[in-house]
Amino acid sequence: MGELSELFAPNRIAVVGATEREGAIGRAIMDNLIDEFDGEVVPVNPKYDELFGLQCYGDVGETNADLAVIVVPPKVVLPAMKSAGEAGIENVVVITAGFGETGSEGAAREQELRDIAEEYDLNVVGPNSLGIMNTDVGMNATFGPDMALDGNMSFMSQSGAFITAVIDWANDEDIGFKDIVSLGNKAVLDEADFIEAWNDDPDTEVIIGYLEGISAGREFIDSARDVTKDTPIVLVKSGKTDAGAQAASSHTGTIAGSDAAYEAGLEQAGVIRADSVQHLFDTARVLGDQPLPENKDVAVITNAGGPGVMTTDAIGESDLKMADFTDETLEAFSESLPAEGNIYNPVDIVGDADNARFKEALDVALADDNVGMALVLTCPTAVLDYNQLAADTVELQQEYDKPIAACFMGGERVDAASDVMKDAGIPNYFDPSRAVDGLEALSEYADIRQREYDAPTEFDVDRERARDILETVKERDETRLGVEAMELLDAYGIETPTGDIVDDPADALDVAERIDGDVVMKIVSPDILHKSDIGGVKVGVENEEVYDAYEDLITRAKNYQPDANILGVQVQEMVNLDDGVETIVGMNRDPQFGPLMMFGLGGIFVEILEDTTFRVAPVSEAEAEDMTKEIDAAPMLRGARGNDPVDIGGITETIQRLSQLVTDFPAILELDINPLVALPDGVKAVDVRLTVDPDEL
């Protein structure tokens, strides 16, 4: 695959399947290109010598084009691609549907398409694509009805219909784009390819997109991390309600639906996730036009008390904070504002404020080093000229080079002022919460720009021993392993309590006598997930009680599930839970992102409380440590209410070691360590459960 600059700025475009027939896609694309494209358009159709007054070619290989747009029946697409490849045409857009989205025959055809692309090193958009646009050269190589306006955003979408709707709306809102691509089936080029290409494009200030899925999640994370150092990425990812759609046998699998993987993956990638189309464009516009703040502190200047309170609430619910003014700033406000005004944040300059008072207040606020951003909030009055206020806001923003969001409330009287600010890159919102969202996006991206990504630690582990344990599933019908696989954790340096699994009460007593103090006894069966619910766990068992406890556990398990595969009973040293916190460390393998690590509050309430956080593996030390800070129960780990803090370093290392294990062995589909008991002087994995795919071993 070559560079994509020529894909979006070709000199000569061949439309394979061009026609003058009304209602045909081949005609719509030709009409769009002929209307505005700066270069040459070449129709390709063996049925004609001439179309649209242009010479028509019988084969794309004869056209000397540098971009081929293919809109012919599915069976003809592949020969056309071969002809393009043999003629040295490197860029191809396949509009035609009827590939992977249509079933096994279409999927086979799509694989052939990939093979041809690889053979000839083709950049292929689609198939099943609306097409592509570039406003610099007037290229509308789509069958959509409208051409986009020019701008500094580049836009990708998996939905072609979404593109046509967005362009129609954006044209009304005077929002422009640089490049637009309908990804289609992403048989060759996917979202990672385009964000890398646009990062190298000096005319693309912001990358935005609508995605229904990500082709290769981990690769996307790695690419996006490089891109977002220079170019912000804002995405809408649909499918939030898919969580839990796949059957899962572990705690982690039950809790971690597909959206958890996207949420974690996009955050790790430095991508800002928008939750609506409005949020997408609000965020993109402010990122494309405003400077980044040096801190999260916002000054609110307003002539309206009620909206000022609304704005304060919105800031309180965000990751921003109300700025604390310096004494010099407070003194300046005291001198310039009427007695009934408020010199503290939000600064209420009172309803009779004229333009001079507004400008002076904003000037004072922006001059304060404690202020990272400002929000100008105003309601219309007879003494206030909105156009002048807009000009003053633009002037002060340019003087102080700090981000400003405007909330000029009103109807038609706001339009002209809004245009003045829009031309200077200052967004105007009717709703204060949207203005706060815009400033929060700037703050979030400023943090992203400062991130440092550490490589995951490579621990010295016993992979061969781990493989031997995993391969025991090949000797049985069951693909799940329980505590009988505790040695798997030992192989990766994850500490476990002393103990053993036995299938005879006499052996149970023998193990118990080798352990100091009372023991814990648990039924061992891959078919029984919730041991505590059936009385399958006994705590504080003395040596003289071991024999009876063994028999009772076996009886309870058989009564609960007669067909369960009961491997025996685990006899284990007791871990003092009173001195520690029960946590869970787990993994569920996501189809797009691969191993998704989970950490949270563990024990019997894990699925009820769902106090968890996620990362896509492999996980670095910093990411693992951040996971310990993000759960609601984090204060418990750090010594709340006079308790001793637990070994955070031990938790962090366990997350990393488990991350390495599941990365090393793609055969592990799900895995829980629950509980991982965190104590002041270390951590111990008390129980484990995993599901293995034998075919991947």
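Everything numeric here is computed off the predicted structure, so don't read it as measured data.

Rules used throughout
Residues numbered from 1 in each chain as written. Predicted model: local features only at pLDDT ≥ 70, side-chain atom pairs only at ≥ 80, totals over all residues. Heavy atoms only, no water. Helix = DSSP H or I, 4+ residues; strand = E, 2+ residues; numbered from the N terminus. Buried < 20%, exposed > 50% of the residue type's maximum accessible area, 1.4 Å probe, protein only. Contact = heavy atoms within 4.5 Å. Disulfide = S-S within 2.5 Å. Pairing = 2+ DSSP bridges. pLDDT = per-residue confidence, 0-100. Axes fitted to C-alpha atoms, helices over the stretch in contact; angles between N-to-C directions. Patch = residues over 30% accessible without salt bridge, like charges linked within 9 Å, V, L, I, M, F, W, Y side chains within 5 Å. Areas by Shrake-Rupley, 256 points an atom, 1.4 Å probe, with all protein chains shown as cover. Salt bridge = Lys/Arg side-chain N within 4 Å of Asp/Glu carboxyl O. Lys, Arg positive; Asp, Glu negative; His and termini not counted. Charge placed at Lys NZ, Arg CZ, Asp CG, Glu CD. Arc of directions from axis to C-beta. Parallel < 35°, antiparallel > 145°, perpendicular 65-115°, else oblique. Nonpolar A, V, L, I, M, F, W, Y, C, P; charged D, E, K, R; others polar.

Okay, the overall build of the protein chain next. From N to C terminus, the protein chain includes 24 helices and 32 strands. The principal-axis extents of the C-alpha atoms in the protein chain amount to approximately 95 × 85 × 40 Å. A burial count over the protein chain gives 55% of its 697 residues as buried. Within the protein chain, counting contacts between residues at least 6 apart in sequence, those at least 24 apart form 71% of the total.

This paragraph deals with the state of the cysteines. Where two cysteines share a covalent bond between their sulfur atoms, that bond is called a disulfide. Following the criterion strictly, the structure yields zero disulfides and no others. As a non-bridged cysteine, Cys 407 has Cys 379 as the owner of its nearest cysteine sulfur, 7.8 Å distant. Given a relative accessible area of 0%, Cys 407 falls into the buried group.

Okay, the pairing of strand β27 (residues 581-590) next. Judged by how many residues are buried, β27 sits mostly within the fold: nine of ten residues are covered. Pairing analysis gives eight bridges linking β27 to strand β28 (residues 594-601), with the strands arranged antiparallel. Among the inter-strand pairings, Thr 583 is bridged to a residue of β28, identified as Leu 601. The antiparallel pairing of β27 with β28 creates a hairpin that spans three residues between the two strands.

Attention now moves to the confidence of the model for the protein chain. Scored by pLDDT, the protein chain comes out at a mean of 92, with 97% of its residues at no less than 70. Counted against residues more than four places away or in other chains, residues 242-256, with its pLDDT under 50, gives 42 contacts.

On to the sheet that holds strand β16 (residues 272-274). In a beta sheet, neighbouring strands are held together by backbone hydrogen bonds and run either parallel or antiparallel to one another. Pairing in this open sheet of seven strands is mixed, and the strands run β9-β8-β13-β11-β14-β15-β16 from one edge to the other. Taken across any chain shown, the strands that pair with only one partner, and hence form the sheet edges, are β9 (139-142) and β16. Each neighbouring strand pair of the sheet contributes to a mean axis angle of 15 degrees, computed without reference to strand direction. Direction of pairing for strand β14 (residues 206-211) relative to strand β15 (residues 233-237): parallel, over a ladder of five bridges. What sits directly across from Ile 207, in β15, is Ile 233. Packing of helix α10 (residues 277-289) onto the sheet brings it into contact with β11 (153-157), β14, β15 and β16, and relative to β14 it is tilted by some 165 degrees.

On the surface, Asp 500, Asp 503, Asp 504, Asp 507, Asp 518, Glu 542, Glu 544, Glu 545, Asp 548 and Glu 551 cluster together into a patch of negative charge. Judged by relative accessible area, which is 30%, Asp 504 ranks as partly exposed.

Taken residue by residue, helix α17 (residues 463-470) has Ala 466, Ile 469 and Leu 470 as its buried positions. For α17, the angular spread of the buried residues around the axis is 95 degrees, confining them to a single face. Next to the buried residues of α17 lie β22 (480-481), α18 (486-491), β30 (668-679) and β32 (688-692).

Moving on: the packing of helix α3 (residues 74-86) against helix α4 (residues 104-120). α4 packs onto α3 with a crossing angle of 5 degrees between their chain directions and a minimal axis gap of 10 Å. For the element pair α3 / α4, the angle class is roughly parallel. Facing α3, whose interface residues are Pro 74, Lys 75, Val 77, Leu 78, Met 81, Lys 82, Gly 85 and Glu 86, α4 presents Arg 109, Glu 112, Leu 113, Ile 116, Ala 117 and Tyr 120. Broken down by class, the residue content of the contact of α3 with α4 amounts to eight nonpolar, one polar and five charged.

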